[in-house]
Structures are given as C-alpha cells and as structure tokens.
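Per-entry structural report
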Amino acid sequence: MIAPLHSTPFDDGFIWGVASSSFQIEGAVSADGRTRSIWDDFTRTPGVVKGGDHGDVACDSYNRYEDDIDLIAQLGANAYRFSVSWPRVIPGGVGAVNDAGLAYYERVVDSLLERNIEPWVTLYHWDLPSELEAKGGWMNREIVSWFADYARAVVERLSDRVSHWFTLNEPQIFLGHGYVLGEHAPGKKLARKDWLLAAHHALMAHGRGVQIIREHAKKPPVIGWAPVGSVTCPRSDDPDEIELARTQTFAIGDGGPVNNTWYADPVILGHYPEDGLRLYGDDAPTTHVGDMELMRQPIDFYGVNIYSGDLLRRPEDNGHAPPRWTERGYPRTMFDWPVRPEALYWGPKFLQERYGLPVYVTENGLASMDWVHADGQVHDSARIDFISRYLGELRRAQADGVDVRGYFHWSILDNFEWAEGYRMRFGLIYVDFETLERVPKDSYRWYRKIIETSGACLPASPVPVR
Ligand code: FCB
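Residues numbered from 1 in each chain as written. Predicted model: local features only at pLDDT ≥ 70, side-chain atom pairs only at ≥ 80, totals over all residues. Heavy atoms only, no water.

Thoughts on the site of the ligand
Lining the immediate surroundings of the ligand are Q24, H125, W126, N169, E170, Y307, E363, W410, E417, W418 and F426. Interatomic distance of 2.8 Å between a side-chain N/O atom of H125 and an oxygen atom of the ligand. Between the ligand and E363 there is a distance of 3.0 Å, counted from an oxygen atom to a side-chain nitrogen or oxygen. Expressed as a share of its isolated accessible area of 290 Å², the protein-covered part of the ligand is 95%. A breakdown of the residues in the shell around the ligand according to their chemical character gives 5 nonpolar, 3 polar and 3 charged. (Near = heavy atom within 4 Å. Polar contact = N/O pair within 3.5 Å; in protein donor to acceptor, adjacent residues only side chain to side chain. Areas by Shrake-Rupley, 256 points an atom, 1.4 Å probe, with all protein chains shown as cover. Nonpolar A, V, L, I, M, F, W, Y, C, P; charged D, E, K, R; others polar.)

Some details on the pairing of strand β10 (residues 404-410)
Of all 7 residues that make up β10, 6 are buried, and the element is covered over most of its length. Sheet topology note: the strand β1 (residues 15-19)/β10 ladder contains 5 bridges and is parallel. Considered in β10, the bridge of I15 is made with G406. Both strand β9 (residues 359-363) and β10 contribute to a ladder of 3 bridges, which runs parallel. Along β10, the bridge assignment pairs V359 with V404. Of the crossover connections in this fold, the one passing from β9 over helix α15 (residues 381-399) to the parallel β10 is right-handed. (Buried < 20%, exposed > 50% of the residue type's maximum accessible area, 1.4 Å probe, protein only. Helix = DSSP H or I, 4+ residues; strand = E, 2+ residues; numbered from the N terminus. Pairing = 2+ DSSP bridges. Right-handed = clockwise from strand over helix to strand, strands pointing away.)

Quick notes on the side chain of S21
With respect to the element layout, S21 can be found in the loop between β1 and α1 (22-25). Among the polar contacts made by the side chain of S21, one reaches the side chain of Q24 at a distance of 2.8 Å. Sequence-distant contacts of S21, that is, excluding residues within four places in its chain, are made with S83, H125, W410 and W418. (Contact = heavy atoms within 4.5 Å.)

Digging into the packing of aromatic side chains
Counted according to the given criterion, the structure contains 46 aromatic pairs. Residues W39 and W418 carry aromatic rings whose centres are separated by 4.7 Å and whose planes lie at 50° to one another, so their mutual orientation is tilted. Of this pair, W39 sits in helix α2 (residues 38-42) while W418 sits in the loop between β10 and β11 (429-431), placing them 379 residues apart in sequence. Take W39 and W418: they sit in the same class, and that class is buried. Centroid distance W86 to Y124: 6.3 Å. Interplanar angle 85°. Geometry classified as edge-to-face. In this pair, W86 sits in helix α4 (residues 86-89) while Y124 sits in strand β3 (residues 118-124), placing the two residues 38 residues apart along the sequence. (Phe/Tyr/Trp six-rings, centres within 6.5 Å; stacked < 30°, edge-to-face > 60°.)

Quick notes on the side chain of D380
Among the structural elements, D380 can be located in the loop between β9 and α15. For D380, the side chain forms a polar contact with the side chain of R383, separated by 2.9 Å. A distance of 3.2 Å separates the side chain of D380 from the backbone nitrogen of D442, its partner in a polar contact. Setting aside anything within four residues of it in sequence, one finds D380 in contact with D370, K441, D442 and S443.

Some words on the sheet that holds strand β4 (residues 164-169)
The sheet built from 8 strands is open, its strands ordered β5-β4-β3-β2-β1-β10-β9-β7 with parallel pairing. The sheet terminates laterally at β5 (222-226) and β7 (302-305), the two strands that pair on one side only. With direction set aside, neighbouring strand axes in the sheet form an average angle of 25°. The strands touched by helix α16 (residues 442-452) are β1 and β10; relative to β1, the strand with the most contacts, the crossing angle is about 155°. (Axes fitted to C-alpha atoms, helices over the stretch in contact; angles between N-to-C directions.)

Below, the structure written as structure tokens:
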C-alpha cells in the first residue's frame with residue numbers, strides 16, 4: 001500500500017503558537033525604570049557568554065514589538081507565548097510596582113488581542129532581579145513571597161485581558177545551568193544539598209504563583225508551567241521496550257538536576273519521587289509543614305519544552321551498545337542536540353498518561369546555520385524538515401488519543417541564546433543584529449502553511465532520521 005501524502009489535520013481548536021522570552025528579545029535594559037537582572041550581571045562577566053554578547057539591545061523588541069506582533073499575525077499564529085521581566089515590573093525585585101514597566105506588557109497584550117492572537121504569559125523566564133540574587137536568590141526561602149508579590153502585580157494588571165499563564169520556565173535548566181554547572185546566570189556551582197533546596201523553593205514559588213493567579217485573576221485563568229521534558233524513546237513498538245522507555249523517562253537517573261519527576265511529581269502528585277529520595281538521602285530538602293501542599297496546586301495543563309530525546313538503552317546493552325544517537329554521524333542540530341522527532345510522540349504521551357493533564361508543547365525548535373542568501377532570502381531547509389518531522393509525530397500522538405492541544409515554536413525571532421549569545425539562531429524570522437532588520441525565513445512561510453492547513457500539508461508517515 002502506498003502511504004498517503006498528506007496527514008489528517010490536527011483537531012479543531014489546536015493552538016498554533018510561537019514563543020520568546022523577555023531577556024532574550026527585549027533589550028532596552030534601562031528603559032522606564034527597569035533595574036538589573038542576574039543576566040545583565042552575568043553577561044558582564046568576562047568569558048562566560050560566547051562573543052562577549054549581552055542583552056542590552058537584543059532584538060530591541062521593547063521598541064519594535066508592534067512590528068514583531070504584525071509578523072506573528074501574518075504568520076497566522078493564534079497564540080504568542082512571551083515572558084514578563086520581573087525587574088521591569090518591580091525594580092529591585094521587591095517593593096513598589098513600576099507602572100511604566102507594566103504599561104509595556106499592557107501594550108503588548110493589547111496589540112496581540114487586536115490581531116486575534118491569544119497572549120500566553122510566562123511569569124518567570126530566568127531574569128531574576130539582581131538584588132534578590134544578592135539575598136540568596138532561589139536559595140532563600142523568602143523567594144516564595146517575593147515571587148508572589150511580583151505575580152500579583154502582573155495578574156492584577158493584565159488578567160482582565162490575559163487568561164493563559166505559566167508560572168516558571170524550565171526550573172531544571174535555570175537551576176541546573178545557573179546553580180549547578182555555573183554556565184548560566186548567576187554562575188553558581190552549588191553542592192547538591194544546596195541546589196535541592198533552591199529547587200524546593202522554586203516548586204513552592206510555582207504553587208504560590210498558581211494560588212495568586214487563581215485568587216486575583218479577573219478572567220477565569222488557565223494555568224500551567226513549562227518545565228523541560230526529558231524523554232526516552234523506545235526503539236520499536238515492542239510493549240516491553242515501551243514500558244522500559246517510560247520507566248527511564250520517569251527515572252531520577254544520575255541524580256542531576258535535569259529530570260521530570262523531581263519537579264513534576266511534587267507539583268502534580270504532591271510528593272517527591274521515591275528513587276530520588278533514596279538517591280539524595282540526607283541531601284533531600286527538609287520539608288516544613290505545608291510545603292508539599294503548597295507545591296501541589298491544581299493546574300489546568302502540562303506545558304513542556306521538548307527539543308530532543310534519548311533513545312532507550314536496553315538492560316542487555318549493559319552499558320556497551322551505544323544508543324542510536326551516539327552512532328557516528330547521527331544528525332544533530334547546531335546546538336549538537338540529536339534530531340529526535342519521535343520525542344514529540346513519546347514525551348506528550350508518557351506525560352499525559354502519568355499526570356493526567358492536557359499537554360501543550362510550549363517550546364520546540366532548532367538552532368541552524370542561517371544567513372541571508374544572495375537572493376535576499378533565508379533558505380533554512382533544515383528547520384522546515386525539523387518542524388515537519390516533529391509536528392508529524394505530535395499529530396500521530398493526537399491521532400492515537402493523546403490529549404495534546406497546542407504547539408509553540410521556539411522561536412519567533414533569532415535572539416539572545418543565553419551562554420551561546422547571538423550565534424545560535426532559533427528564529428522563524430532572521431534578525432540582523434547590526435541593523436535589527438527582520439527577514440522572515442523560508443520556515444516562516446512553511447509554518448504559515450502548516451497553520452493554514454492545520455497540519456494537513458505535513459507528510460503522512462514518519463521517515464526515519466539518518
Ligand atoms: C530553552 C529555553 C529557551 C531557549 C531554548 C533554546 O531551554 O527555555 O529560553 O533558550 O531553550
């Protein structure tokens with residue numbers, strides 16, 4: 001039988017989005033009363049960010065947001081995930097609310113709504129006010145109430161127009177890279193006991209954030225979070241392999257900060273996972289009465305950022321047979337992440353089955369070597385292939401009954417990619433960082449077609465990556 005060329009479309013009501021974050025696109029770091037964040041400080045430390053890059057101008061979206069939102073509208077996206085900068089809203093991190101900072105996000109929200117694009121607002125995408133880091137940052141238990149005050153300020157101002165909220169973006173990465181490896185702001189290398197305490201506070205801040213949104217929202221809120229998803233994919237449809245892959249997906253693994261369950265089990269099931277408690281022993285955080293209840297607030301969806309995935313190691317591999325992705329020459333993106341489209345099948349499926357919440361893919365994309373070709377266009381065929389394959393797998397998950405309701409491409413614009421600076425380009429739109437000119441890439445037009453046809457233009461059956 002010849003496989004059909006085109007897929008059945010995604011279900012009606014599917015959310016077609018694009019994503020960004022404040023520090024990565026806004027620039028204008030001293031405008032309208034904004035104070036410094038840990039990323040402003042970190043980027044000033046010699047040698048930590050490639051090329052000595054910083055966020056002072058970034059994409060200048062603080063001044064060019066209308067143009068950017070026009071481009072999102074022309075793309076046909078029905079949702080835009082962006083984050084609010086804490087030091088714009090509460091300069092110095094605690095105390096008086098800065099009206100001018102909030103007014104900026106109000107303008108962004110209004111511009112989106114005028115164009116029928118639903119704002120999906122992330123409260124924390126890593127730009128912690130510097131003054132709070134000086135008081136210990138995520139290590140200080142008081143951060144729960146600092147975050148609550150900040151969340152309240154945002155919700156009070158925007159929730160008559162915003163319904164969709166994320167508390168934290170990728171706690172695994174801001175802790176893992178920022179507090180364990182020291183490769184992201186604030187550049188700390190904490191002992192295990194200490195970063196586990198910081199994680200404990202982050203999970204409490206998440207819970208408190210959910211409470212604040214529910215208490216103060218003027219429109220009925222839809223609340224989730226956006227952790228990173230670490231996914232192990234089976235190598236075949238053999239049920240035993242699938243179970244092993246599920247077990248690995250939800251294992252604490254080597255005990256490092258990047259895993260699913262140390263974060264999601266408390267938030268959704270109300271307790272830390274057994275294997276983690278066993279492994280961490282005395283390093284596990286001392287829990288005060290009420291901490292676990294605070295973390296476990298009802299949320300409405302599971303947002304997850306998935307870029308890649310591991311391939312199952314079978315027990316009989318005994319550590320000798322390399323998983324597929326370590327094979328010589330296996331396709332990788334510019335970030336060196338293996339191209340693993342089936343992670344968008346297994347990740348949402350496993351997460352939905354374990355946690356019972358509707359899933360949104362809140363980030364997915366790739367860094368590639370883009371430039372403006374001699375004909376004035378950016379021909380990013382790798383991104384087109386990547387998006388097609390990953391969305392094909394997500395569509396397969398939906399067809400198999402996984403309750404997956406949306407996809408946000410990371411990112412709308414090339415932007416400041418943290419420790420990698422501006423060299424890693426993730427955008428559907430190319431940014432010339434000298435002139436700040438925007439050039440929609442070929443992938444922008446391809447994603448527009450996917451949105452227009454609700455995925456029906458995607459190839460029907462997955463082709464193995466090689
Ligand atoms: C994620 C971050 C996002 C972006 C992508 C490439 O870890 O949430 O800000 O940097 O990776």
